[in-house]
Amino acid sequence: MKALILVGGYGTRLRPLTLTVPKPIVDFANKPMIIHQIEALKGAGCTEVVLAINYQPKVMMDFLKEWEEKLHIKITCSQETEPMGTAGPLRLASDILDDGSGEPFFVLNSDVICNFPLKDMLAYHKKKGAEGTILVTKVEDPSKYGVVVMDEASCHVERFVEKPKTFVGDKINAGIYVLNPSVLERIELRPTSIEKETFPLIVRDKGLFAFILDGYWMDVGQPKDYLRGLGLHLDSVQQRHPEQLAQGPTFIGNNIVHPTAKIGKDCQIGPDVSIGLECVIGDGVRISNSVLLHRVKVANYARVADSIVGWGSSLGKWTRVEFKSVIGEDVHVRPEVFLNGSIILPHKEIKESIMDPGTIIM
């Protein structure tokens, strides 16, 4: 069985992290985002995953060769010479996705994190005799999303409404699909939208069904959602694999810490913290709802809250990094500096506090 992951382009919403690596290989809970998806696809029976890429394909593939061997799954690249939207990449990779067996294939948006109920979704797709099946998730405020209007009894998809001003439903497209090879024939080889152009054709022929997600879901393509998604993910880990979480009096709530990380005395870590490879945390440090990527150093009595600290960066004594600050790779913050919702691009030294939220240091 095959799958295609829509990797997309520049990852501008997650800058400055994506100035160092493409978005799908930014770590999420100490594992590259896209590896969470590839592991789930392998668990659902996929033997080959195609990455639809139009930005830094060599970087992506060089990185993924290691994981191809670790996971024993074939990973190939379908490179777009121009952005092809959400449907064009399927047609571009049609020779791989349609191997003549008639077997359906998965399509995933690379920004999505959830429990990935792919086996159940595939079984449902086949039971319904569907041409296409969309994973949908329930949200409190559907006015911010594209709503999937469906028959609640049969789960037939009836139509799509983009950011409705009046209530038409509370289920939204969660960015994961099971599709039959026949769907490829509905797509022209050009930049095109699967949501706006392809799915309405399947709806017209009554072949599109919705599979309702039971559990958490988040599009983690921008920092505030990345951090919120981490909390939801760690809640799920606590329920399913609690042994993967950090234990002991230092920790509050759900946290994940790489075994090579070193943490000093009298620290308070958590809730919802991810600490990466070879990080070094000094004494008396406080960290909550934050991510430290690989090889970050945090000196004594610093505080990090609701923020992301990039690879190889360091925070001096008594620094405070708070309120959705995002620090890029190799940034060094001097002692007693306060960063208040700051965006710091890579390879900088920060000597003075930044008080205005949203300030970008180029």
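Relevant structure appears above.
Described below are features of the structure shown in this document. A quick note: this is a predicted structure, and the numbers were derived from the prediction, not measured.

## As for the overall build of the chain
For the chain, the count of helices and strands is seven helices and 29 strands. Overall size of the chain, expressed as C-alpha extent along the three principal axes, is 65 × 40 × 40 Å. Every one of the 362 residues in the chain was classed for burial, and the buried ones make up 55%. Expressed as a percentage of contacts within the chain between residues at least 6 apart in sequence, the contacts between residues at least 24 apart total 49%. Carbon and sulfur atoms make up 50% of the accessible area of the chain, which totals about 16200 Å². Each charge class in the chain was averaged separately, 41 positive and 45 negative side chains, and the resulting centres sit 2 Å apart.

## Here we look at the layout of surface pockets
Of the volumes computed, that of the second largest pocket is approximately 890 Å³. Lining the second largest pocket are 41 residues; nearest its centre among them are A29, K31, H36, E39 and H233. Listed by contribution, the elements that provide at least two residues to the lining of the second largest pocket are α1 (33-43), α2 (57-71), β5 (112-114), α5 (118-128), α7 (223-240) and β12 (255-257).

## What about the side chain of S307?
Mapped onto the elements, S307 comes out in the loop between β20 (303-305) and β21 (308-309). Within the local environment of S307, its side chain forms a polar contact with the backbone nitrogen of S325, the two atoms lying 3.1 Å apart. When near neighbours in sequence (up to four residues on either side) are disregarded, S307 contacts L227, N289, S290, V291, V321, E322, F323, K324 and S325.

## Description of the state of the cysteines
Among covalent bonds in proteins, the disulfide is the one between the sulfur atoms of two cysteines. Under the definition given, this model contains zero disulfides. Left without a disulfide partner, C46 is nearest to the cysteine sulfur of C114, which lies 14 Å away. Looking at C279, it has no disulfide partner, and the nearest cysteine sulfur is the one in C267, 13 Å off. Taking relative accessible area as the criterion, C279 reaches 0% and is therefore assigned buried.

## As for the side chain of H125
Tracing the chain through its elements places H125 in helix α5. Of the polar contacts made by the side chain of H125, one reaches the side chain of N180; its length is 2.8 Å. Beyond its immediate stretch of four places on either side in the chain, H125 contacts P104, A130, E131, G132, T133, V178 and N180.

## Things to note about the environment of G276
Tracing the sequence through the fold places G276 in the loop between β15 (273-275) and β16 (280-281). Along the sequence, G276 and S94 sit 182 residues apart, while their C-alpha atoms lie 38 Å from each other. Those residues in contact with G276, other than ones at most four positions away along the chain, are N30, H258, A261, L292, L293 and H294.

## Points about unusual backbone geometry
Omega for the bond connecting G270 with P271 falls within 30 degrees of zero, at 0°, which places this linkage in the cis form. Relative to the helices and strands, P271 resides in the loop between β14 (268-269) and β15. For W318, which is not glycine, the phi torsion reads 60° and is therefore positive. Looking at the element boundaries, W318 is found in the loop between β22 (314-315) and β23 (320-322). Judged by its relative accessible area of 53%, W318 falls in the exposed class.

## Focus on the pattern of salt bridges
Any two side chains of opposite charge can pair, given that their charged atoms come close. Considering all chains together, one arrives at 17 salt bridges under this definition. Residue E188 is joined to R190 by a salt bridge in which the shortest nitrogen-to-oxygen separation is 2.9 Å. For E349, the salt bridge goes to R334, with nearest N and O atoms at 3.3 Å. Of this pair, E349 sits in strand β28 (residues 349-350) while R334 sits in the loop between β25 (332-333) and β26 (338-340), and the two are 15 residues apart along the sequence. For R334, a relative accessible area of 40% gives the class partly exposed. Via salt bridges that share partners, E131, R186, R204 and D205 belong to a single interconnected network.

## Observations concerning the sheet that holds β28
Strand order in this open sheet of six strands is β13-β16-β19-β22-β25-β28, and the pairing throughout is parallel. Taken across any chain shown, the strands that pair with only one partner, and hence form the sheet edges, are β13 (262-263) and β28. For β16 and strand β19 (residues 297-298), the ladder comprises two bridges, and the chain directions are parallel. In the strand pairing of β19, I281 is matched with V298.

Rules used throughout
- Residues numbered from 1 in each chain as written.
- Predicted model: local features only at pLDDT ≥ 70, side-chain atom pairs only at ≥ 80, totals over all residues.
- Heavy atoms only, no water.
- Helix = DSSP H or I, 4+ residues; strand = E, 2+ residues; numbered from the N terminus.
- Buried < 20%, exposed > 50% of the residue type's maximum accessible area, 1.4 Å probe, protein only.
- Contact = heavy atoms within 4.5 Å.
- Areas by Shrake-Rupley, 256 points an atom, 1.4 Å probe, with all protein chains shown as cover.
- Lys, Arg positive; Asp, Glu negative; His and termini not counted.
- Charge placed at Lys NZ, Arg CZ, Asp CG, Glu CD.
- 1 Å grid on protein atoms, 1.4 Å probe; cavity = no way out; pocket = protein on both sides within 12 Å on 5 of 7 lines; lining within 4 Å.
- Points joined across faces, edges and corners; volume = space filled by probe spheres on them.
- Polar contact = N/O pair within 3.5 Å; in protein donor to acceptor, adjacent residues only side chain to side chain.
- Disulfide = S-S within 2.5 Å.
- Salt bridge = Lys/Arg side-chain N within 4 Å of Asp/Glu carboxyl O.
- Pairing = 2+ DSSP bridges.

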